[in-house]
Amino acid sequence: MERFGLVGLPNAGKTSLFNALTGAEAYAAPFAFATTDPNIGVAKVPDKRVDQLTELSQSQKTAHATVQFTDIGGLIEGASKGEGLGNAFLADIREVDAIVYVLRAFELPNDPEANDPPVEQLRLLELELALADYDSATRQHEKLARAGKGDPEEKDAADLLAKAIEPLGQGTPIYRANLTDDERQAMRRFFLLTNKPVLAVVNIAEDSIGTEAEVTAPVQQELNGAQVIALCVQLESEAGQLDPAERQEMLEALGLGDGALATFLASSYHLLGLRTFLTTGEKESRAWTFRAGSTAAECAGVIHSDMQRGFIRADTVSYDDLISAGSWNAAKDKGLLRSEGRNYLTQDGDVMLFKFNI
């Protein structure tokens with residue numbers, strides 16, 4: 001399961017966001033380091049297609065795709081040097097697949113010194129992570145440089161890592177260091193914090209709803225293309241405590257549609273190149289996670305390794321075509337059902353029925 005780490009300064013709203021995402025009841029308090037050990041939970045990725053397939057097939061069960069979130073304790077200035085339990089928290093960040101910066105966009109009256117604007121919070125977080133990477137990269141580079149005297153591959157690795165050391169020493173994270181995608185991919189072996197995909201949540205107050213673009217613009221400019229989402233964590237948390245019908249009514253009354261939380265979950269899912277294929281039948285309609293670029297045989301293996309090993313074909317129809325046809329048999333009668341081989345590149349929203357023999 002893919003893992004996202006919630007990273008921010010103390011009192012940014014990380015634990016409240018974690019609770020809203022996962023339905024957990026982790027302790028959230030208005031003081032620093034209320035979270036000392038990471039909270040870990042699972043969130044469903046909203047997908048109305050699964051619900052529609054459940055209705056179409058009269059399925060007994062509905063199963064959504066899921067992702068894991070880790071609520072990591074608040075970082076402070078000097079975390080890269082071990083300040084404020086920094087070493088432990090940085091170790092927690094190394095364990096996740098992507099970083100979600102949580103940035104508070106409203107003032108805390110009891111802590112005026114902590115009221116930096118979101119973009120300044122982002123810069124501090126990036127600086128601490130970059131400096132931690134600088135220390136790690138420097139140590140690894142020294143070992144590779146020594147080994148590279150007799151090993152050309154290790155020398156190439158040392159040369160590659162050297163490209164990251166200079167920007168990291170200046171506090172620039174790898175994802176903004178003008179490195180190519182291939183170089184960043186090759187650097188994954190070094191397990192550097194700022195080589196992970198990132199997105200940002202700007203935690204706004206309820207009275208800021210309607211001004212999201214203005215609040216997030218500086219952060220969007222700073223992150224230069226990364227996804228930035230404004231989210232009133234307190235409101236979403238309150239809505240999350242309601243049953244689905246009441247929750248939808250509350251969000252629509254505030255003009256929020258399905259809520260920013262659903263947008264954030266979908267963005268998180270796609271950030272790591274995750275896509276969804278679907279299966280449906282009387283027993284269950286389910287969303288399955290696969291990596292973009294996966295073949296039909298590889299997707300069969302997501303369900304069970306035996307299905308990949310004995311793959312014969314995948315009867316496939318797009319979600320839109322299936323809903324339009326009204327049933328699997330109707331889609332087949334209309335020529336919308338395709339028989340795809342093992343090397344077919346699965347598309348997001350494909351509804352599939354795998355044939356296999358072991």
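Look up: the structure comes first, before these words.
Computed from a predicted model, the values in this text were never measured in an experiment.

Colleague: Honestly, the overall build of the protein chain in this entry has me stumped. Any pointers?
Modeller: Broken down by element type, the protein chain carries 14 helices and 12 strands. Intrachain contacts of the protein chain at a sequence separation of at least 6 include 67% that bridge at least 24 residues. Taken as a whole, the protein chain presents about 17,700 Å² of accessible surface, with 47% of it coming from carbon and sulfur.

Colleague: How should I be thinking about helix α11 (residues 296-303) in this particular structure?
Modeller: The set of residues buried in α11 consists of A296, A297, C299 and A300. One side of α11 holds all its buried residues, which, seen down the axis, span an arc of 160°. Buried-residue contacts for α11 involve β8 (274-280), β9 (284-291), α12 (305-309), β10 (311-318) and β12 (350-356).

Colleague: What exactly am I supposed to notice about the pattern of salt bridges here?
Modeller: Any two side chains of opposite charge can pair, on the condition that their charged atoms come close. This model, assessed by the stated rule, comprises 17 salt bridges. We note a salt bridge from R49 to D348, for which the minimum N-O separation is 3.1 Å. In this pair, R49 is assigned in helix α2 (residues 48-57) and D348 in the loop between β11 (338-340) and β12, connecting sequence segments 299 residues apart. With its nearest N and O atoms 2.9 Å apart, the salt bridge here joins E284 to R286. Judged by its relative accessible area of 23%, R286 falls in the partly exposed class.

Colleague: Help me understand the pairing of strand β4 (residues 66-71), please; the structure alone is not making it clear to me.
Modeller: Remark: a regular strand shows side chains that alternate across the two faces of the sheet. Of all 6 residues in β4, 5 are buried, a share of seventy percent or more. Bridge count for strand β1 (residues 3-7) against β4 is 4 bridges, and the pairing is parallel. Bridging from a neighbouring strand, L6 pairs with D71 of β4. Both strand β2 (residues 39-44) and β4 contribute to a ladder of 6 bridges, which runs antiparallel. Following the sheet pairing, A43 is matched in β4 by V67.

Colleague: Mind showing me how you'd approach the packing of aromatic side chains here?
Modeller: We describe a pair of aromatic rings using the distance from one ring centre to the other and the angle between the two ring planes. Counted by the stated rule, this structure contains 6 aromatic pairs. Connected via pairs of aromatic rings, a cluster forms that spans F277, W288, F290, F311 and F354. Sitting over the ring of W288, R286 keeps its end group 4.8 Å from the ring centre.

Colleague: It is not clear to me how helix α7 (residues 212-223) should be interpreted in this structure. Could you clarify?
Modeller: Residues spaced three or four apart along an α-helix point in a common direction, a consequence of the helix completing one turn every 3.6 residues. Compared with the 16 Å implied by 1.5 Å per residue over 12 residues, the 16 Å span of α7 between its first and last C-alpha is a close match. Turning to α7, its buried residues are T216, V219, E222 and L223. The buried residues of α7 occupy an angular sector of 105° when projected down its axis, which confines them to one face. Opposite its buried face, α7 presents the exposed residues A213, E214 and Q221, each directed more than 90 degrees away. Residues of α7 that are buried in the fold lie against β5 (98-104), α4 (118-147), β6 (198-203) and β7 (228-231). A positive phi of about 55° marks N224, the residue just after α7.

Colleague: I tried to follow a negative patch on the surface on my own but got confused; where do I start?
Modeller: On the surface, D243, E246, E249 and E252 cluster together to form a negatively charged patch. With respect to the helices and strands, the residue E246 is situated in helix α9 (residues 244-253). We classify E246 as partly exposed; its relative accessible area is 42%.

Colleague: Hey, could you run me through the packing of α4 against helix α5 (residues 152-169) in this one?
Modeller: Between two packed helices, both the angle of their axes relative to each other and the distance between the axes serve to describe the pair. Their axes nearest at 9 Å, the elements α4 and α5 cross at an angle of 155°. When the interaxial angle is binned, α4 and α5 end up roughly antiparallel. When you trace α4 past α5, the crossing you get is left-handed. Listed contacts from α5 to A130, L131, D133, Y134, A137, T138, Q140, H141, L144, A145 and A147 of α4 are E154, A157, A158, L161, A162, I165, L168 and G169.

Rules used throughout
Residues numbered from 1 in each chain as written. Predicted model: local features only at pLDDT ≥ 70, side-chain atom pairs only at ≥ 80, totals over all residues. Heavy atoms only, no water. Helix = DSSP H or I, 4+ residues; strand = E, 2+ residues; numbered from the N terminus. Contact = heavy atoms within 4.5 Å. Areas by Shrake-Rupley, 256 points an atom, 1.4 Å probe, with all protein chains shown as cover. Buried < 20%, exposed > 50% of the residue type's maximum accessible area, 1.4 Å probe, protein only. Arc of directions from axis to C-beta. Salt bridge = Lys/Arg side-chain N within 4 Å of Asp/Glu carboxyl O. Pairing = 2+ DSSP bridges. Phe/Tyr/Trp six-rings, centres within 6.5 Å; stacked < 30°, edge-to-face > 60°. Lys NZ or Arg CZ within 6 Å of the ring centre and 35° of its normal. Expected span 1.5 Å × (residues − 1). Patch = residues over 30% accessible without salt bridge, like charges linked within 9 Å, V, L, I, M, F, W, Y side chains within 5 Å. Lys, Arg positive; Asp, Glu negative; His and termini not counted. Charge placed at Lys NZ, Arg CZ, Asp CG, Glu CD. Axes fitted to C-alpha atoms, helices over the stretch in contact; angles between N-to-C directions. Parallel < 35°, antiparallel > 145°, perpendicular 65-115°, else oblique. Left-handed = near helix turned anticlockwise from the far one by under 90°.

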